[in-house]
Amino acid sequence: MTLIRTNTPNAAAADEAAFEYALRVFSEGARPVVIVPSYDETVRLKKAWSERMSFGIDVATLSSWAADLWELYGDGRTFVDSVQCELIAGAALRDHCEQSPGCLMQPTSGTRSFIARVAREALPKAAGEHDLGQGEREAVEVLDRYRDIAASAGLVEQSEALALLADTSVLAQYRPATVGFEPDAFTAVEQDFLACAGAVAFVNERSAEPVGKRAPELASLLAALFEPDEEHPVAATGAVRFVLPSGRYAAPRSLCDALAAIRSDDPGASVAVAARDAYACFEELAPRLAARGIAAEVRGSAPFAATEFGSSWLALLETLFGETPLLSRAATDFAIGAYSGVGVRSAYWMDARWRANRSVDRDSILTDLAGNADHGLNGLVGSLESGRVEEAFDILQAHILKQAGWPEGYRDRQMSALALARTVFEAAAALGACMEDYRSVLEGQRLFVRTVSDPAAERSGEANSALADECGEAGCGTSPVLIVDLEGTAALGAASCDCLFVTDLTAAAYPVRDDGGAVSSLLEKLDAAVECDGLSSVRATFADALSVPRSLLVLSRPLNNPAGDEERPAVVFEDVIDCYRSELQNPGETDKKTGLTAALLPYASTLGEQGAYENLSFQGEPQRMTAEIPVMPTGFVTSDARDKILLPQQWGGVVSEGYSLSPSAIESYLECPYKWFAHRRLRLEELDAGFGGREFGLFAHRVLEHFYAQFRCEVAPKVTADTLPRARRILERVFDDQLAYDATLVGDATALVALDDLERREVDDLKRKLVGYLDREARLLPGFAPLDGEVSFGRKQGAFEYAGFKVNGTIDRVDVDGYGRAVVVDYKGAVGRSYALREKADAPPALPRKVQTLIYAQAVRKTMGLEPVGALYLSYGKDEGIAGSFDHALLDPEKDLLGIDAATCGTLGFAELLDRVEEAVAIRLESLLAGDIPACPRDEDACTYCPVTVCSVRDALQRRSEGDE
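Residues numbered from 1 in each chain as written. Predicted model: local features only at pLDDT ≥ 70, side-chain atom pairs only at ≥ 80, totals over all residues. Heavy atoms only, no water.

A look at the overall build of the protein
In plain terms, the rule: Numbering of helices and strands runs from the N terminus, with a helix taken as a DSSP run of H or I at least four residues long and a strand as a DSSP run of E at least two residues long. Accessibility here uses a 1.4 Å probe with only protein chains present; expressed as a share of the type maximum, an area under 20% marks a residue as buried, one over 50% as exposed, and anything in between as partly exposed. Here, two residues are considered to be in contact whenever any of their heavy atoms come within 4.5 Å of each other. Per-residue and other accessible areas follow the Shrake-Rupley method at a 1.4 Å probe size, with only the shown protein chains counted as cover for residues.
From N to C terminus, the protein includes 35 helices and 28 strands. Overall, the protein is about 120 × 65 × 65 Å in size when its C-alpha atoms are taken along their principal axes. In the protein, which comprises 965 residues, the proportion classed as buried is 48%. Counting contacts in the protein only where the partners sit at least 6 residues apart, residues at least 24 apart contribute 73% of the total. Here the protein displays about 46,000 Å² of accessible surface, and carbon together with sulfur accounts for 50% of that area.

Thoughts on the sheet that holds strand 22 (residues 805-807)
To keep things clear, this is the line we draw: We call two strands paired when DSSP finds no fewer than two bridges between them.
Strands sit in the order 18-22-21 across an open sheet of 3 strands; the sheet is mixed. Here the strands that pair on one side only, and so sit at the sheet edges, are strand 18 (660-661) and strand 21 (801-802). In this structure, strand 21 lies alongside strand 22, joined through 2 bridges in antiparallel fashion. Each bridged residue has a counterpart across the sheet, and for Y802 the counterpart in strand 22 is F805.

Digging into the sheet that holds strand 6 (residues 174-179)
The condition is simple: Whenever a helix is involved, its axis is fitted only over the stretch in contact; in every case the axis is a line through C-alpha atoms, and angles between N-to-C directions fall within 0 to 180 degrees.
The sheet built from 5 strands is open, its strands ordered 1-7-6-2-3 with parallel pairing. At either end of the open sheet lies a strand with only one pairing partner, and these are strand 1 (4-8) and strand 3 (58-60). Taken over all neighbouring pairs, the strand axes of this sheet differ in orientation by 20° on average, direction set aside. Here strand 2 (residues 31-35) runs beside strand 6; their pairing, made up of 5 bridges, is parallel. Each residue of the ladder has a partner; that of V34, found in strand 6, is A177. Contacts between helix 1 (residues 11-27) and the sheet are confined to strand 1, strand 2, strand 6 and strand 7 (200-204), with strand 6 contributing the most and set at about 175° to the helix. Across the sheet, helix 3 (residues 62-73) is in contact with strand 2, strand 3 and strand 6; its angle to strand 6 comes to roughly 160°.

Description of the packing of helix 13 (residues 308-321) against helix 19 (residues 408-431)
Convention followed: When describing relative orientation, an angle under 35 degrees is termed roughly parallel and one over 145 degrees roughly antiparallel, while 65 to 115 degrees is termed roughly perpendicular and anything else oblique. We call Asp, Glu, Lys and Arg charged. Ala, Val, Leu, Ile, Met, Phe, Trp, Tyr, Cys and Pro are nonpolar, and the rest, Gly among them, are polar.
Contact pair helix 13 / helix 19: the axes reach a minimum separation of 8 Å and the direction vectors enclose 40°. When the axis of helix 13 is compared with that of helix 19, the two are oblique. Residue-level inspection shows E308, F309 and W313 of helix 13 in contact with helix 19, the latter providing Y410, Q414, A417, L418 and A421. Residues of the contact of helix 13 with helix 19, tallied by class, amount to 6 nonpolar, 1 polar and 1 charged.

Brief notes about the packing of helix 1 against helix 2 (residues 39-49)
Applicable threshold: Crossing chirality is assigned from the near helix's rotation relative to the far helix, an anticlockwise turn below a right angle marking it left-handed and a clockwise turn marking it right-handed.
Packing of helix 1 against helix 2 brings their axes to within 12 Å, and their N-to-C directions diverge by 65°. Taken together, the axis directions place helix 1 and helix 2 in an arrangement best described as roughly perpendicular. By crossing handedness, the relation of helix 1 to helix 2 is classed as right-handed. For the pair helix 1 and helix 2, the contacting residues are D15, A18 and F19 in the first and R44, L45 and W49 in the second. Grouping the amino acids of the contact of helix 1 with helix 2 by side-chain chemistry returns 4 nonpolar, no polar and 2 charged.

Comments concerning the environment of A417
With respect to the helices, strands and loops of the structure, A417 is situated in helix 19. When the C-alpha atoms of A417 and A306 are compared, they prove to be 9.7 Å apart, with 111 residues separating the residues in sequence. If we ignore the near neighbours within four places in the chain, the residues touching A417 are F304, T307, F309 and L447.

A closer look at the nonpolar core
Inclusion rule: To define a nonpolar core, start from buried Ala, Val, Leu, Ile, Met, Phe, Trp, Tyr and Cys residues and group those joined through side-chain atoms within 4.5 Å.
If you look at the biggest cluster of nonpolar residues, it comprises 81 residues, and the most contacted ones within it are Y146, F304, F309, W313, L369, Y438 and L442. When residues no more than four places from it in sequence are discounted, the contact partners of W313 are F304, L384, V389, A392, F393, L396, A421, Y438 and L442. Among the nonpolar cores identified, the runner-up in size contains 48 residues, and Y669, Y802, A859 and L866 belong to it.

Quick word on the packing of aromatic side chains
Filter applied, for reference: Planes of paired rings set the category: under 30 degrees apart is stacked, over 60 is edge-to-face and the rest tilted, where pairs are Phe, Tyr or Trp rings (Trp by its six-membered ring) whose centres lie within 6.5 Å. For a ring to carry a charge above it, either NZ of a lysine or CZ of an arginine must fall within 6 Å of the ring centroid while also lying within 35 degrees of the normal to the ring plane.
Evaluated as defined, the whole model comprises 27 aromatic pairs. Between the NZ or CZ atom of R557 and the centre of the ring of F573, over which it lies, the distance is 5.2 Å.

Remarks on helix 23 (residues 518-525)
Put simply, the rule reads: Arc, as used here, means the arc of the directions from the helix axis to the C-beta atoms.
When helix 23 is considered as a whole, its buried residues turn out to be V519, S520, L522 and L523. Viewed along the axis of helix 23, the buried residues span an arc of 165°, placing them on a single side of the element. Among the exposed residues of helix 23, those pointing more than 90 degrees away from its buried face are A518 and E524. Those residues of helix 23 that are buried lie in contact with helix 5 (109-122) and helix 6 (134-152).

Some remarks on unusual backbone geometry
The residue D527 is not glycine, and still its phi comes out positive at about 60°. Judged by its relative accessible area of 56%, D527 is exposed. The phi dihedral of L781 falls on the positive side, at around 50°, and the residue is not glycine. Summarising the element assignment, L781 is placed in the loop between helix 31 (757-777) and strand 19 (785-786).

Structural notes on the environment of D544
What counts, and what does not: Under the rule applied, a polar contact is a pair of N or O atoms within 3.5 Å (in protein, one hydrogen donor and one hydrogen acceptor; residues adjacent in sequence only if both atoms are side-chain atoms).
By secondary structure assignment, the location of D544 is in helix 24 (residues 534-546). Expressed as a C-alpha distance, the spacing of D544 and R147, which sit 397 residues apart in the sequence, is 39 Å. Setting aside residues up to four positions removed in sequence, D544 forms contacts with N204, R206 and A490. Side-chain polar atoms of D544 contact the side chain of R206, separated by 2.8 Å.

Notes on the pattern of salt bridges
Rules: By salt bridge we mean one thing: a side-chain nitrogen of Lys or Arg within 4 Å of a carboxyl oxygen of Asp or Glu.
Counted under the stated rule, the structure contains 58 salt bridges. Where R355 meets D688, a salt bridge forms, and the shortest distance between an N and an O atom there is 2.8 Å. Pair noted here: R355 is in helix 15 (residues 344-355) and D688 is in the loop between helix 28 (673-681) and helix 29 (693-714), with a separation of 333 residues, a long-range link. Through salt bridges with shared partners, a single network forms among E671, K675, R849, K850 and D939.

With respect to helix 24
Convention followed: Working rule for helices: expected span equals 1.5 Å times residues minus one.
Spanning 13 residues, helix 24 covers 18 Å between terminal C-alpha atoms, matching the ideal 18 Å at 1.5 Å per step. When we look at burial in helix 24, the residues that qualify are G534, A540, T541, F542, A543, A545 and L546. Tucked inside the fold, the buried residues of helix 24 contact helix 10 (216-224), helix 22 (486-490), strand 13 (497-502), strand 14 (549-556) and helix 25 (571-578). Measuring from the side-chain oxygen of the N-cap residue of helix 24 to the backbone nitrogen of L535 gives 3.2 Å; that N-cap residue is D533.

What follows is the structure, given as structure tokens:
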């Protein structure tokens, strides 16, 4: 069955045709029902028709009419609302997954929304035999469970009720008509119901100009829209203008400047702004307009999470009940908000402690939050922990009511958000939904917002200033700028305001795509699909919006996206431009940058993003000069500060004489002096305890150190081919023990703590690498054996001077043979070419890129009396790399060193090499003693892990590299 369709030329004609039809039906003794899209439309039509006929015609939305019919003819159940629908879908999905562990469907928010939408549109059709795939069959099973859960709660889905009400005995006395809908507005179940009732659909074809007086250019544009006439293009007269900021940072200021100009020309003009997200647009424009003396009003919906109460409540729920391993992030979001009762200083102190400890648990976090909350909110966390959610709501409500200093509109939004959270919770509790479903469903809710900004209060700094005191200034005594979404603009009515701004006209904001995907596929197989035309839908809404202004239409879009790439205009934006073109197939007719024709360019304004301060300030004015600070090159140091670049160290509270460095710090300075300064002197480190290369490397070092300590006690001084099986068992045991120990460390940023399955797989992979490394260890340096444990020097062991500095450090391993010869070994996760003594075999002598093990070798030589013959970097990773330097006369690269590249790592006279390197390092470190820290990277690789975010030298290197490519 299909609806009886009657086409009308415009919206007013559709309204009139529906009224005439209702009158005729009423005169025939039947009950006319005019069905409209929204409650606002019911109010509008009832008001418009009240003088012509005060009773006899029912005007209602489809949902309200269906609810009335169900109350008369139903079985006593009530309709499922949108919140209950999502909660029931979540419960049904979880039940299915628990009963079918190997099922394809998973209890995610996306799958829950998928089930909820199919239930709303086609629950009665999800029965009987259908040709479905495995996942689709599971979806139908979940829908069956959805039906059962709803019924047990005394609820019925509207689509199911409509299917039951689609009976001639129920609908015989009614003669419905629909008006204000697009042809694809109804679901298949709704169409079947309306067709059974013999409904007539009055459809606006938009073939005639909407009612109302408007500027000639606007009338011509509406007549030509979507059907441009190349022989008679619309003449540009300035009634259609364009605001084209170069990017999103310039968009608010450019719009406010245009709005202020319009109000300056005509203070009494009524202005509306159509935005993709009305609330977000209001948040950006309202303070800027207030600074210009212009009030703004928003009518729209805001995400629950966009309110301060919403973000704090969701963060608290995530902290208490979330499954994420990074609970501290949610806890911090809650702690720094207005509803934790925690002071700002305490909140950031707790955040620092939590972030530095990956093993922090939920109980510790909750104890911190509860212990630092003030008197009014100190019972909040405990109430939620104990399941007394209503008590928690009462605590929060009392807190909001006590905030006398909050602006009234802001406080009202917080109360609305709290009321929404309470309502959703009550629905969840009634349905027995779990806390995770409650949190997830609540996060997707939106609350209606209607707020008016007060420019007088904005300028005076008082929340309750009266506009009357400023009545002589711009913007006072006039209607506020109305900000709504495009659909809301279309509903304002034809010729209902003087000026309309339509913003965000990009392809990203208004994509044109037909409804597809899993929902459409399943609906089609359930015989519940409705043909949808995404382009027609967007164009219909846009055309209705363009009929709203009487005098001026302003279209706006950013020319570039946040990444700086060209932003594609929305299709409807190009539709407008096409109406002004005389050669649609000639791309040269439009400006390449703006997309406008030559006739439209005089009516366009652009604004760049280079004026960052002016664009971001509410006043939009240039920043006043307070001081001029010259830009110095990266690494510049004043003469007074040079002696503070390098400071003596303290040991046990005693300041040491001279200057101390570690081998890794020396290597860092040689790579780039400014990198050393940022990394070693300023210690620019991340706040968070990490789970990366540094933590894995330190953990592997600890495991290998403890492994050899136990292996030496239980088996032998050195791993050999014969002892490999026992070595593997010992290493696995040591690895597991060390991992368990790291999990107990509190506040140790070097601990390796895996928080989820992905990280645990990375740890398992490290374990396999270390066990596999033992095969190479058994072949490394036969005749040598590691000394007991790591070897430290330069502290308790006595001073060690190197290149004019006191140097201290710890060597991963020193292997010694029976002749007093030693090889220094430094463990690495991977070893590349840069670790070799020379980058190329025929390279002239030069200071090696990596000098750490060479410094270690010199320390072994001078403090331990051993004869170093090698300084190696040994990889325990999959690359199986080995590099460094060795004495070719004493060590065989194949037999002793796992096939190390002798051409780049071998040398003769190892002691002489150590002395030459120390002399070269001393020359370089003279600059450090002089306080020189220029940004002078040895090469691009030196910049890889540099903590400096702005460096002119690095930028130049990168530009040069890109130019070479």
